Amino acid sequence: MASETLEVKEIHSTHPEALHDSHEHHGHDSHDDEFELPEVNFIRKYIFSTDHKVIAKQFLITGILMAVVGILLSVLFRIQLAWPEHNMSYLRPLLGNWISDTGQMDPEFYLAMVTMHGTIMVFFVLTAGLSGTFSNFLIPLQLGARDMASGFINMLSYWFFFLSTVIMFASLFISTGPASGGWVIYPPLSALPQAMSGSGLGMTMWLTSMALFIVSSLLGALNYIATVLNMRTKGMSMTRMPLTMWAFFLTAVIGTLSFPVLFSAALLLIFDRSFGTSFYLSDIYIAGKALENSGGSPILFQHLFWFLGHPEVYIVLLPALGMTSEIISTNSRKPIFGYRAMVGSLLGIAFLSFIVWAHHMFVTGMNPFLGTVFMLLTLIIAVPSAVKTFNYLATLWMGNIRFTNAMLFSIGLVSLFITGGVTGIFLGNAALDIPLHDTYFVTAHFHLVMGSASAFGFFAGVYHWFPKMFGRMMNERLGYIHFWMTFAAVYCVFFPMHFMGMAGVPRRYYAASTFDFTQGFTDMNAFITISAMLGFLGQLIFLYNFFYNIFKGKKAPQNPWNSNTLEWTTPVNAGHGNWAGEIPAVYRWPYDYSKPGVNNDYLPQHIPDAAISKWDANPETASLLYDEQGNEIKDTPAAHH
Amino acid sequence: MNSPVMQQEDDLRIHPQKVVLWVGMVSIVMVFAALSSALIVRQGEGNWNFFEMPLAFWITSALVILSSGTMYYALRAAEKKNLSATVTGLWITALLGVAFLAGQFIGWTQLADAGIYFRDNPSNSFLIVLTGLHGLHLLGGLIAVVTVLVKSILLRYKPGEILGLELCSTYWHFMGALWIYLFLFLLYHY
């Protein structure tokens, strides 16, 4: 513990003197002195790295690979839903014996794929892939810190995640199949290994993987919180932080408060599965035999699960909202509308996320009075959400909009946030939830507002910060094609599901052709599946654009979007420690776009009032620092490339 | 601009490592809060075993309070750069920690002797899970105490460098407080 402490001190170098030290930038700041890293070998640089930027890329690429798996699973079960009785023998090379000799998909494997799709997308892609990537990448860069509070803990966080990913992925290939009880793993299905084939080893692997995942998230969140609270550069007060920082910070706070509860729920489940206790089990007959377990309550699990589960929705969404704020303001060339209201609504959403969980349980036979309380609290979330939407639109209004790829995805997020949010008001009503519960209406709602909106935030973030991550640009034209294919596909897939839901088509059914009342939707199911496949093809374009341009893309300028935040003051390919010289101090909020009296339509955070005219004449010198009197700080080396 | 204010803000910042510990303790609190509320909900559904807490738990409660005192003594000694007193304080704390864990185990055997078995009823299971989980967390604290103790004996710290001990002591007091909370909670609910 103590040796770790030293490292932290070294990195924490917002030493006030350093800013006025003009002859030797590592001279008398002993902290900076020790920061100079020895030559590191390949393994320490790219694999077991403690550099937050490398760790962010590790999260990003792992997340992308898991997204491919997760989306592919959805395409596979969509094929089953669209054409339930056709001969699927052509999938045997991929799915093996899960496709029967007559070409039918094994119904239990269908459930397994739905379960794994949910688990992978929610946790591995949109939690770790999104928040893990961008929190790691942006927190130190935008706050002006050399690294996270603890680079070592940060590295552990990734490797726990990696291990968790490997176990979850491996569970797809075991002969009894992966966990199949839904991503919410409700007992008794998940608690009794004999309940279904996926409840055996598959479920054990699911729990092991998630335990590691929880450890990873907590280690990550600890670091994010400590870094935001402690390691902001000089002048970076909480209210001068970019909204991305607020979003990541609150996401980490929500994670620290909610993931431990999932841990508790899983712990009791593990006891029920392996040690014969009855926390969640009572009065169960399997194959005509009564089990010994008695006295437990499966509803108890739901309470514990959703106490995590609902905040988890915001763990997924808040980072996307934060990045959208940043990207929309930058590309509208306008200050964000209502900064404090944006922070306030993030705080409001974060707080409310903890007291609405039982709206997932309206149909568990809960006391109607209690249901009303949760309904009221749930509907209140519409208020901060509407504030955010309004502020996005007001920021866009009359802006000099630059339709970059990132901007398109951000605007797309706002669109999805509205479309999906409105149906949240339907589902939040206890009375309306009774007919809509467990139908495709719910699937449509959360895929739009949480799944797709967050995925759009993820894409926006990748397109916007790709130049900072890899020092190269992505291909804009391919980005446009990717955006329009994705945007159209998302609406074509999820919008029709509302109507299916209102007609009562249940979720999780293996085939919609079995019942009269669902047969009318056979063609619609085919339409949805074809849209999903086209959407999947669109993602292949993204994959090409992403991986190809890491190596072959056009070299990026230092500040490609003329943005105000600190990450663009670092060299194009910044090394560990981020700034070659001193860390810039901050003299203004991050949204001084189109400021009256300034020729350029942006004014970075690190420019003091006294230096505005100097900077204005020559804005390309993004890494040139000024002191408060407006004098250049000489020793700061210019951008490396 | 307003540098004096900024300067002051810098001084007010807590050491990042301490923030990490505090946030970590918050997440531990959430684990136990979840289990406590689960216990309350479950008890409300009836079919609950009521029984006396074993004698051993009373004794371990006293031990854990005592160990907080010795930990405090060790930290104060370290602040005064009195190494030998620090080492003594840490030794006693570590021994009390071991005694606490042994006592908890004896408590479980006393329960079993009284016919209260882990698997019989969720009320019994809850008791074992709560106390066991606390024991594991305290074991983590004990490892930290021993680490600081060994490093102090081997003179691995510079004089006045007490961050490791501070962190360790914060966590140790937290574990003590958590046990006292749990014990009162269990007394009330069984």
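Analysis parameters
Residues numbered from 1 in each chain as written. Chains lettered and ligands numbered in written order. Predicted model: local features only at pLDDT ≥ 70, side-chain atom pairs only at ≥ 80, totals over all residues. Heavy atoms only, no water. Phe/Tyr/Trp six-rings, centres within 6.5 Å; stacked < 30°, edge-to-face > 60°. Buried < 20%, exposed > 50% of the residue type's maximum accessible area, 1.4 Å probe, protein only. Patch = residues over 30% accessible without salt bridge, like charges linked within 9 Å, V, L, I, M, F, W, Y side chains within 5 Å. Areas by Shrake-Rupley, 256 points an atom, 1.4 Å probe, with all protein chains shown as cover. Salt bridge = Lys/Arg side-chain N within 4 Å of Asp/Glu carboxyl O. Helix = DSSP H or I, 4+ residues; strand = E, 2+ residues; numbered from the N terminus. Bend = angle between axes of the 7 residues up to and from the residue. Core = buried A, V, L, I, M, F, W, Y, C linked by side-chain atoms within 4.5 Å. Contact = heavy atoms within 4.5 Å. Polar contact = N/O pair within 3.5 Å; in protein donor to acceptor, adjacent residues only side chain to side chain. Buried area = accessible area lost by both parts, 1.4 Å probe. Nonpolar A, V, L, I, M, F, W, Y, C, P; charged D, E, K, R; others polar. Expected span 1.5 Å × (residues − 1). Axes fitted to C-alpha atoms, helices over the stretch in contact; angles between N-to-C directions. Parallel < 35°, antiparallel > 145°, perpendicular 65-115°, else oblique. Left-handed = near helix turned anticlockwise from the far one by under 90°.

A. Examining the packing of aromatic side chains more closely. Residue and element names in this part refer to chain A. One pass over the full model with this rule turns up 73 aromatic pairs over all chains. The interplanar angle of 80° and the centroid separation of 5.0 Å between the aromatic rings of Y158 and W159 together place this pair among those described as edge-to-face. The exposure class assigned to Y158 is buried, which follows from its relative accessible area of 5%.

B. Structural detail: a nonpolar patch on the surface. Residue and element names in this part refer to chain B. Residues W91, I92, L95, V146, V150, I153 and L154 make up a contiguous nonpolar surface patch of roughly 630 Å² in combined accessible area. Going through the elements one at a time, α4 (83–113) and α5 (122–153) are the ones with two or more residues in the nonpolar patch. Mapped onto the elements of the fold, I92 is located in helix α4.

C. Summary view of the pattern of salt bridges. Residues and elements named next belong to chain A. Considering all chains together, one arrives at 12 salt bridges over all chains under this definition. A salt bridge links K53 to D51, with the shortest nitrogen-to-oxygen separation between them at 3.4 Å. Relative accessible area serves as the criterion here: at 7%, D51 is assigned to the buried category. Each of the salt bridges in this network shares a partner with another, and the network as a whole consists of R588, D592, K595 and D609.

D. Structural context of helix α16 (residues 440–470) of chain A. Residue and element names in this part refer to chain A. Its axis deflected by about 45° at H464, α16 carries its strongest bend there, up to four residues before the proline P467. Taken across its 31 residues, α16 has 29 buried, putting it largely inside the fold. One or two steps after α16, the chain reaches G471, where phi turns positive at roughly 70°.

E. Fine view of the nonpolar core. All names here are of chain A. Counting 248 residues, the largest nonpolar core has F134 and F546 as the members making the most contacts within it. Per element, the largest residue contribution to this core is 20 residues, and it comes from helix α6 (residues 107–143). Residue contacts for F546: discarding those within four places in its chain leaves L60, I61, I64, V462, F466, F470 and M474.

F. Molecular detail of the side chain of S345(A). For S345(A), the position within the fold is in helix α11 (residues 339–352). One polar contact links the side chain of S345(A) to the main-chain carbonyl oxygen of M342(A), over a distance of 3.0 Å.

G. How the structure looks around the interface of chain B and chain A. Residue-level contacts link 38 residues of chain B with 47 residues of chain A. Each partner contributes to the roughly 3700 Å² buried at the junction of chain B and chain A, and carbon and sulfur atoms together form 69% of this total. Connecting chain B to chain A are 0 salt bridges. When residues of the side of chain B that touches chain A are traced back to their parent elements, those giving at least two are α1 (3–12), α2 (16–44), α5 and α6 (163–189) of chain B. No other element matches the 15 residues that α2(B) contributes to the side of chain B that touches chain A. For the side of chain B that touches chain A, the class distribution of residues is 22 nonpolar, 8 polar and 8 charged.

H. A look at the side chain of S454(A). Residues and elements named next belong to chain A. Within the fold, S454 resides in helix α16. Judged by relative accessible area, S454 falls into the buried class, the value being 0%. Once residues within four sequence positions are removed from consideration, S454 is found in contact with L126, L130, V316, L317 and A320.

I. Just α11(A), in detail. All names here are of chain A. Given a rise of 1.5 Å per residue, 14 residues ought to cover 20 Å, and the 20 Å separating the end C-alpha atoms of α11 matches this to within 8%. For α11, the full list of buried residues reads Y339, M342, V343, S345, L346, I349, A350 and L352. Looking at the packing, one finds that the buried side of α11 touches α9 (243–274), α10 (298–332), α12 (368–380) and α13 (382–396).

J. Fine view of the packing of α16(A) against helix α17 (residues 476–502) of chain A. All names here are of chain A. The contact between α16 and α17 brings their axes to 8 Å, and the two run at 165°. In terms of orientation, α16 and α17 fall into the roughly antiparallel class. When the axes of α16 and α17 are compared, the crossing they make is left-handed. Across from Y440, F441, T443, A444, H445, H447, L448, S452, F456, F459 and Y463 in α16, the residues of α17 making contact are G479, H482, F483, T486, F487, V490, F494, M497, H498, M500, G501 and M502.

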